[in-house]
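Here is how the chains run, residue by residue.
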Amino acid sequence: MRKLLLDTSVILHYMRGDSTFQKIEEEHNLLTDPSCIILISAISIGEIEGFFSGEVMGQSKLTAGNIF
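### Examining the confidence of the model for the protein
Residue-level pLDDT values for the protein average 84, and 79% of them are 70 or greater. Within the protein, helix 2 (residues 19–28) carries the highest mean pLDDT (96), whereas helix 4 (residues 59–64) carries the lowest (50). Confidence over residues 64–68 falls short of pLDDT 50; this stretch has zero contacts with residues more than four positions distant or in other chains.

Below, the structure is given as structure tokens:
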């Protein structure tokens, strides 16, 4: 049994179904291998939610960087 913690960038490739997804699937068969358990961290879930809500950085972080 393989347990794999996927990085946010890999998850996004899987969601898009792009050529990077296809290459990973050809080499590792993550979706078709029944012995593979895919794990996703709470951090990745938050990053993806932020990505899709359009708030990559919160407004407070953006204004905090403008100290001049």
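Moving on from the coordinates now.
### Here's the deal with the nonpolar core
Within the largest apolar cluster, nine residues are counted, these being Leu6, Ile11, Leu12, Tyr14, Phe21, Ile24, Leu30, Cys36 and Ile48. Looking at this core, the elements that each hand over two or more residues are helix 1 (8–16) and helix 2. Sort the elements by how many residues they give to this core and helix 1 lands first, with three residues. In this structure Ile48 touches Thr8, Ile11, Leu12 and Met15, once residues within four positions along its chain are discounted.

### What to know about helix 3 (residues 42–53)
If you check helix 3, its first and last C-alpha atoms are 16 Å apart, about what twelve residues at 1.5 Å a residue would give, namely 16 Å. Every buried residue of helix 3 is accounted for by Ser44, Ile48 and Gly50. The arc enclosing the buried residues of helix 3, seen along the axis, measures out at 160°, which places them on a common side. Exposed residues on helix 3 whose side chains face more than 90 degrees from its buried face are Ala42 and Glu49.

Reading the values: the criteria
Residues numbered from 1 in each chain as written. Predicted model: local features only at pLDDT ≥ 70, side-chain atom pairs only at ≥ 80, totals over all residues. Heavy atoms only, no water. pLDDT = per-residue confidence, 0-100. Helix = DSSP H or I, 4+ residues; strand = E, 2+ residues; numbered from the N terminus. Contact = heavy atoms within 4.5 Å. Core = buried A, V, L, I, M, F, W, Y, C linked by side-chain atoms within 4.5 Å. Buried < 20%, exposed > 50% of the residue type's maximum accessible area, 1.4 Å probe, protein only. Expected span 1.5 Å × (residues − 1). Arc of directions from axis to C-beta.

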